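Coordinate analysis (summary)
Next come the chains, spelled out residue by residue.
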Amino acid sequence: MHIKYESQLREPLVYGNKDYHQVTEDILRPIETKPTRLWYIGFSIAVTLLMFGAYSVYREVTYGIGQWNLNKTIGWGWDITNFVWWVGIGHAGTLISAVLLLFRQGWRTGVNRAAEAMTIFAVMCAGQFPIFHMGRVWMAFFVMPYPNSRGPLWVNFNSPLLWDVFAISTYFTVSLLFWYSGLIPDFATVRDRAFTKLRKKLYGIAAFGWTGSTKHWQRHESLSLVLAGLSTPLVLSVHTIVSFDFATSVIPGWHTTIFPPYFVAGAIFSGFAMVQSLLIIVRKVFALEDYITIGHIDLMNKVIVLTGSIVGIAYLTELFMGWYSQNKYEGYTFWYSRAYLFSPYGWSYWGMMACNVLSPQIFWSRKMRRNVFVTFFMSIIVNIGMWFERFVIIVTSLYRDYLPSSWSVYYSPTIWEIGFYVGTFGLFFTCFFLFAKYFPVIAVAEIKYVLKRSGESFKPGMESIEAQPLDKFVHDNAH
Amino acid sequence: MEQKKHWSSFGELNNSEAYNKEVKDEFNEELPFVEDESVLAKSGSFLQAKAPRRDFLKYLGFSTAAAAAAASCEMPIKKAIPFANKPEDIVPGIADYYATTYVQDGDVVSVLAKVRDGRPIKLEGNDLSAITNGGTSARVQAAVLDLYDTARLRFPLIAGKEASFEAIDKAIAAELGGNVVLVSSSITSPSTKNIIAQFLSKHPGSKHVTYDAVSHSAMLLANEAAYGKRIMPSYHFDKAKAIVSLSADFLGTWLSPVEFAKQYAVGKKIDEKNISMSKHIHFETVASMTGSNADEKYLCRPSEMGAIALGLLNAVKGGTVTEINNISDATLKAGIMAAAKALTAHKGAALVVAGSNDVNVQILVNAINDAVGANGNTIDFGTTLNYRQGIDSDFATLVEDMNGGKVNTVLFVGANPVYAWPNADKVKAGLAKVKTTISFNEKLDETTSLCKYVIPAPHFLESWGDAEPATGHFSFIQPTIAPLFKTRAFQDSLLKWSGDVNDYTTYLKNFWSIKLGGVTAWDKTLQAGLINPTPSAAVGASLNGAAVASASSAVAAKNPSSKNNNDKNKIELALYQKVGIGAGQGAANPWLQELPDPVTRATWDNYIIVSPAMARTLLNIDLNNAGQADAYEVQPPKKVVKVTVGKTSIELPVLIIPGTHPSTIGIAVGYGRTETLGKAVIGTGKNAYPFASFNGQTISFDQADVQLTLTDQTYPVALIQTHFRYDTAQGNRTEVVKELSLASFLAHPTEIREERAHELKGQIMDGDKMTNEEVLANFEKQGTMYPVYERPGIKWGMNVDLNTCNGCGACVVACNAENNVSVVGKPEVLRGHEMHWLRIDKYFSGDMDNPNVVFQPLMCQHCDNAPCENVCPVAATNHSSEGLNQMTYNRCIGTRYCANNCPFKVRRFNWADYTGADSFPDNQKGEVNDVVLNMNDDLSRMVLNPDVTVRSRGVIEKCSFCVQRLQAAKLEAKKASRPMVDADVKVACQQACPTHAISFGNANDKHSAITMVRAENPNRNFTVLEQLHVLPNVTYLAKVRNDNAKAEGHKEEGHKEEGHTETKKAEATH
């Protein structure tokens, strides 16, 4: 049943013979049924990790940063590596929801809800690190520019760390609003289908009295556009500002103008990888393969190979500049501390290169892009690679900088540093498990919106349109 | 007169009711509580209330305050109680300075003790001293902490049990008698010597044996043989144009290092208008601090020392190379000829010293000195040194006597032979046979713990006393604090036991009042703290040729080449002393344990020092292989080697130190002390004294045949610096440290200026079109896109002369003491957590087997364009109007960004609660014990300087240029209504420096020393990493090395070419 106006490039966004009711049933099933055994197991593992993380942080706060293996030369290690890593992951959600919305990419509907949730949880995890890496975390509120009686004493607006505070908090707020405003119609659906009073009450509160009136929809659409407009520059700005933490410094390996675009590309790269990891599990566990289709995976893999290559070019540019500038300090950092495999941290650089630059090239092959197992494996590899990237940038720049006298001994984390990182995984997955249980993981309303245009089951209906003469088709469809 | 009524409205005029109500209510907005209850009751909502916002704020305020009050933790209350009756001479908050004297086992340094509120907290050199001229050493600086040592004896002991002085006096009165021997370390006190003589005269047949752990017996005996007098002449390194040292560590540990460092610096200071330098040639077995400072250094085995002395003697007498037939090594031969050339070229201004404890070697050295005209010029027999008086054979005889049961009573003062005598078991066995053993000691050391009677000795800061370090130089000790524990000076005991009614204080007062001509004179002298003799011309002595001839033949008989060839493959051992630990005196002092050794930069341990060449064969580590060098550097655990000499063997980790002879290893003595000495000694190193040997005449600290076995173990060594070369495969980091040879400096004085200009050119727009001078002049303004500010008023600046800095570390400990810098302990140093605000970086350059060494003290550079300042999110570190980079501890939240962004890596983070300053009390107890064990008890904390904040966990700290002293200086000037001058302020490191390498002051003052030193040395002045445009306020003067011989080999471009080839070599290995 090949039709004339069917796109040869775009595949259907929803598979199967679905109607609106079926869509609702499919997506809300996890919310309205008892969690599976698997969910309980997963959730308890996540909570356990979270507890371990909380204990690690407790030790760090009570006994000092000395619980970590940082030293006089390496002031940041796993803490800021993890921070940048999580922030990077937090980029895909907003990119998918905002940028793709503005570009009218219909395929975003299948993945945007989960991706946005992932963004929010990732930013929550990221936020833990700059807070708890402080030696005196109980004074963390000093970074807020609030009127005070100390002079008044203001924050230092020159400091990239302060820009971070603004960038991350803004990003978190806007992402949360965006995510939540999208959830409102779906909460209303859950409320309307509620089978207990409590559910009705709670989802009723969450739905903000949504009735589905045209006025509501109209405002909802406007709000989405406004928030998308706000978020789009944030996608670029947040990681740009995070990159300023390094780029504005004087340390060879940090002091680099290429950082902002390279960090943004890397963030999107790792964010998409994380979305892949999560959605491949979600679609399997919740049987949502019809909504999160192989086409989605294919498209996201294309983003991964693109951004991975951009990151690769950035690495090569850095190396080139390390040589071309003839700056001996930069040269040492890039060519010895990093690119020389047998230097103390050479393994991390080549780990990064292998994971981020070489392995994603596999996605030039359509077959590989559409292979769920390969994609899942690669998404993990990419995130490992991106972790290495941040580790390479932070540790290999710091451990041997200007004065050879201050070159550091080998830095490896303590159990409590690892525990903190593991704990943020606990936090992330605890949130994600709760999200998957209590929130619609796919935007029900948006799927319904694209269902009739891009759903596979509505193809037959298109045949009547097919039969129309061109004039009439144009007349009906032109705006 | 009737008053007119002015009105503004009819209401007012008529005084109407409506008007009155309006006036009454005009500003009277009712609070809602009273009136509006009805409204509230009616509406049931605050939203309908008249002033809901105000209520809301009120409720919010109350509930927040209540919650805060309810939730606030109970804070420990610390009470500060004012004096009920204020002592007349104490003003709270104002420090008093008392002139006193640091004395320890013969070492004497005149000092001022800074006393705050009755507690001595810091020692500073006494500027009046003709010997030290205000200089100190690391051990002097650290001595104040010994006062507050928790391991000090607190009461007298009889057989290990607490006793009273009366009981001890009674028991001893009964027991004392027969053959009494008093064993002491070198005593320089004239009054004490009198008391000892008085005491011993009561007991016929008794004697006084002086025992020094590391003695200079050979020198004393050699002088007796060669000059007929068992004395130690004084040396004048300042007058010497050529200095040859046969492995004498005279800047670090030999005889009187503070004095010699001061003198040595005179010859090393460069006047750029009239460039000249003394030349120091060093023959060295194991890399030492003095050797690191030498202009030329030649490596030899310890056993070759005699042959070298003999060769040198022949050479200065006109012999040629071929006559030095005992030495097979061509470089060493050339070295001897170069030394001879330098000595003979400066006849009358030449000096040779030797560290050997071999009498024959010392006699030969005497002969060389005689031949080069040192006697009466650079060596003065008119003024003799009293620092070391011990004769090893005397003590050896005593050990035999004790074992033979010939000794009834033995008294120990300062001497600790059970620890330091090579055959300690024999000493122990002997002690067991002595009926009465008495020890006067501050602590229960190895010998004291075996004594029956232990009388706790006061610390010198609690004592009276005097000292005569050199003829005619007297230095006095006065107490600065009441004794902390039940202690009694040993002189008091002796006086009592001799039946003298006076106590020592009275005795001393009488003794000196008589000498000085009255009590008033004595009081006056005490204020100055010392008496300097009137300067007199140096006196020579005539050499006994026969002694030299017999020494020559004795040495020739022992010369290495006369034995079989196997000797060449044998590995030799040289025991040495560390600057901080000495012969073991510093071992219990956490400041000294954490002071990095100048040569190895290691803390808290002793270890085996081997050369890179031996590392290749013994450890299979090649430092020229980048990968292996990295692996060795970045991993603190070092391979452990078992050292065996005869039946004695110990296992120690190995450090590879270039500048060590390929077949010689070095081990520091002074470690492996008993745990009763305090927490600081636990787990630190092993005792190497058993490797020393008594040869019938003196103790030899060298061993000619050592077996080394590599074990499969490793042991972590806490190094503060792991990498020592500033050349990398990507280029020589000459912006970090600058050095050049005297020859090239003379040939091309502006070399460093040109180098600097070359480095900076690229940073300035159109820099390529500028001349070098324009580049240097415009760099500050044009090297940035930001405006450059005027900096009027005071601008603090510091300068360090790398030529006179010898790396001794006095400044480091002084900084610790002045600024309450935490001791973190070995486990923390291993993790790079040390807190030192000032460190002395050490760099090697040139040949890795025998490199040049530069010491570079590095503290916060107080950059005018500080990279740390703009990255702090909360502005906790900022710039003062006086050019200081300030750290506001209570604003700091500890992001460590500043530390990361500091190119000099001088910022230190408080990783844990090192000083008990945390808001959580006893925070680290049971957690990271090692971290806090040293400095956070109440007694040790008494040493803290109340003028300096004790930093809490989680904040960054760093050098403040001793801002507390700067404020005090400004206040001083202000009170006197005059501008501040240099004399008002001396920062702690500057004060402590024995060589005055550090200048400090107001760089905006045209007459200040800092301005002068920068203006007078335009060709050597540089700032570290100048090209970064951080504009440091600390400048350095480049190191100039008088190594003409080496420079000639490399022609004009000496060091450049050298660096270049190094680079190539390194590249090849990568």
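Here is a short report on the structure shown in this document. These numbers come from a predicted model, not from an experiment.

The rules behind the values
- Each chain carries its own residue numbering, running from 1 in the written order of its sequence.
- Chains and ligands are labelled by the order in which they are written, letters from A for the one and numbers from 1 for the other.
- A pLDDT threshold of at least 70 governs which residues receive local features in this predicted model, and a stricter bar of 80 or more applies before side-chain atom pairs are shown or counted, although totals over entire chains, interfaces and linings include all residues.
- Each side-chain value is worked out from all heavy atoms of the structure, with water and hydrogens disregarded.
- Strands here mean DSSP runs of E at least two residues long; helices mean DSSP runs of H or I at least four residues long; both are numbered from the N terminus.
- Two things to know: the radius of gyration comes from C-alpha atoms, and the globule rule equals 2.2 Å times the number of residues to the power 0.38.
- The classification of residues rests on relative accessible area computed with a 1.4 Å probe and restricted to protein chains. Under 20% of the type maximum is buried, over 50% is exposed, and intermediate values are partly exposed.
- Any two residues having at least one pair of non-hydrogen atoms within 4.5 Å are treated as being in contact.
- The method behind every accessible area is Shrake-Rupley, applied with a 1.4 Å probe, and residues are considered shielded solely by the protein chains displayed.
- Lys and Arg are tallied as positive, Asp and Glu as negative. Neither His nor the chain termini are counted.
- Taken as the charge centre is NZ of Lys, CZ of Arg, CG of Asp or CD of Glu, depending on the residue.
- Here the rule is simple: two strands pair whenever DSSP picks up at least two bridges between them.
- Working convention: axes come from line fits to C-alpha atoms, limited for helices to the stretch in contact. Angles between N-to-C directions cover 0 to 180 degrees.
- Accessible surface is computed with a 1.4 Å probe, and the buried area is the amount of it that two parts give up when combined, taken over both parts together.
- Just to be clear on terms, a salt bridge is a Lys or Arg side-chain nitrogen sitting within 4 Å of an Asp or Glu carboxyl oxygen.
- Side-chain atoms alone can form a polar contact between residues adjacent in sequence; in general such a contact is a pair of N or O atoms within 3.5 Å, and within protein one must be able to donate a hydrogen while the other accepts it.
- Polar here means any residue other than Ala, Val, Leu, Ile, Met, Phe, Trp, Tyr, Cys and Pro, which are nonpolar, and Asp, Glu, Lys and Arg, which are charged; Gly is therefore polar.
- A patch is a set of surface residues, each over 30% in relative accessible area and not in a salt bridge, joined within 9 Å for like charges and within 5 Å for the nonpolar side chains Val, Leu, Ile, Met, Phe, Trp and Tyr.
- Multiply 1.5 Å by the residue count of a helix minus one, and that product is the helix's expected span.
- Ring geometry is summarised as follows: Phe, Tyr and Trp rings, the Trp one being its six-membered ring, pair when their centres sit within 6.5 Å, and such pairs are stacked at plane angles under 30 degrees, edge-to-face over 60 and tilted between the two.

Helices and strands together make up the secondary structure of chain B, namely 36 helices and 43 strands. A compact globule built from 1070 residues would reach a C-alpha radius of gyration of about 31 Å, and chain B, at 34 Å, matches this within 12%. Considered along the principal axes of its C-alpha atoms, chain B spans approximately 135 × 85 × 65 Å. Per-residue burial for chain B yields a buried fraction of 60% across its 1070 residues. A separation threshold of at least 6 residues defines the contact pool for chain B, and within that pool the share at least 24 residues apart is 73%. Carbon and sulfur atoms provide 54% of the accessible area of chain B, an area that totals close to 41300 Å². Once the 107 positive and 117 negative side-chain charges of chain B are each reduced to a mean point, those two points are 2 Å apart.

Turning next to the pairing of strand β14 (residues 409-413) of chain B. Residues and elements named next belong to chain B. The element β14 is extensively covered by neighbouring structure, given that five of its five residues are classed as buried. Residues Thr409, Leu411 and Val413 line one face of β14 and the alternating positions Val410 and Phe412 line the opposite face, and both faces are buried. Sheet topology note: the strand β6 (residues 180-184)/β14 ladder contains five bridges and is parallel. By the bridge assignment, leucine 182 is partnered in β14 with leucine 411. Two strands pair when backbone bridges link them, and β14 and strand β15 (residues 436-441) are joined in this way by five bridges, in the parallel orientation. Following the sheet pairing, leucine 411 is matched in β15 by isoleucine 438.

Attention now goes to the sheet that holds strand β40 (residues 998-1002) of chain B. All names here are of chain B. One open sheet holds the four strands; their spatial order is β40-β33-β42-β41, and the pairing between them is mixed. Each edge of the open sheet carries a strand with a single partner, namely β40 and β41 (1021-1022). Its contacts with the sheet put helix α34 (residues 1009-1016) on β33 (796-801), β40, β41 and β42 (1034-1037), and the angle it makes with β33 is roughly 50°.

Residue and element names in this part refer to chain B. One open sheet holds the seven strands; their spatial order is β5-β4-β16-β15-β14-β6-β7, and the pairing between them is mixed. The sheet is open, and its two borders are formed by β5 (161-162) and β7 (207-210), each paired with just one other strand. Where strand β4 (residues 157-158) and β5 come together, two bridges link them in antiparallel fashion. Looking at the pairing, leucine 157 lines up with glutamate 162 of β5. Against the sheet, helix α7 (residues 165-175) touches β4, β15 and β16 (453-456), its axis set at about 135° to β16.

Right, let's get into the environment of glutamine 218 of chain A. Residues and elements named next belong to chain A. On the secondary structure map, glutamine 218 appears in helix α8 (residues 214-247). With a relative accessible area of 43%, glutamine 218 lands in the partly exposed category. Through-space distance from the C-alpha of glutamine 218 to that of glycine 151 is 49 Å; in sequence the pair is 67 residues apart.

All right, on to the interface of chain A and chain B then. Of the residues lining the interface, 68 residues belong to chain A; the matching set on chain B comes to 71 residues. Summing the contributions of chain A and of chain B, the shared interface buries around 5600 Å²; its carbon and sulfur component is 54%. The largest share of the area that chain A buries against chain B comes from Lys72, Arg136 and Lys328 of chain A, three residues that together contribute 14% of it. Across the chain A-chain B interface, the total number found is six salt bridges. Summed over the shared surface of chain A and chain B, the result is 43 residue pairs in polar contact (both at pLDDT 80 or more). Mapped by element, the contributors of at least two residues to the side of chain A that touches chain B are α2 (37-63), α6 (160-192), α8 and α11 (328-338) of chain A. At six residues, α11 of chain A tops the list of elements feeding residues into the side of chain A that touches chain B. By residue class, the composition of the side of chain A that touches chain B is 37 nonpolar, 21 polar and 10 charged.

Residue and element names in this part refer to chain A. A cluster of nonpolar side chains, contributed by Phe320, Met321, Trp323, Tyr324 and Trp335, occupies part of the molecular surface with about 580 Å² of accessible area. In terms of residue count, helix α10 (residues 294-324) provides more of the nonpolar patch than any other element does, four residues in total. In this fold, tyrosine 324 is placed in helix α10. On the basis of relative accessibility, which here comes to 54%, the residue tyrosine 324 falls in the exposed class.

A few words on the pattern of salt bridges. Scanning the model with the defined rule gives 58 salt bridges over all chains in all. The partner of arginine 753 of chain B in a salt bridge is glutamate 773 of chain B, with the nearest N and O atoms 2.5 Å apart. Remark: glutamate 773 of chain B occurs in helix α27 (residues 772-782) and arginine 753 of chain B occurs in helix α26 (residues 751-761); sequence separation between them is 20 residues. On the accessibility criterion, arginine 753 of chain B (17% relative accessible area) is buried. Put simply, aspartate 984 of chain B and arginine 978 of chain B hold a salt bridge, and the shortest N to O gap is 2.8 Å. Residues joined in a network through salt bridges with shared partners are Asp298, Arg366, Arg369 and Arg370 of chain A.

So, on to helix α15 (residues 392-403) of chain B. Three or four residues apart is the spacing at which side chains of an α-helix point the same way, because the helix has 3.6 residues per turn. Residues and elements named next belong to chain B. Given a rise of 1.5 Å per residue, 12 residues ought to cover 16 Å, and the 17 Å separating the end C-alpha atoms of α15 matches this to within 8%. Residues of α15 that are buried: Asp392, Phe395, Ala396, Leu398, Val399, Asp401, Met402 and Asn403. Positive backbone phi, approximately 70°, marks glycine 405, located one or two places after α15.

All chains considered together, the criterion is met by 91 aromatic pairs over all chains. Centre to centre, the rings of tyrosine 349 of chain A and tryptophan 350 of chain A are 5.6 Å apart; their planes meet at 85°, and the pair counts as edge-to-face. When its relative accessible area of 2% is taken as the criterion, tyrosine 349 of chain A is described as buried. Note on tryptophan 350 of chain A: relative accessible area 38%, which makes it partly exposed. Judged by centre distance (6.1 Å) and plane angle (90°), the ring pair of tyrosine 235 of chain B and phenylalanine 260 of chain B falls under edge-to-face. With a gap of 25 residues between them, tyrosine 235 of chain B in strand β8 (residues 233-235) and phenylalanine 260 of chain B in helix α10 (residues 257-268) connect regions that are remote in the sequence.

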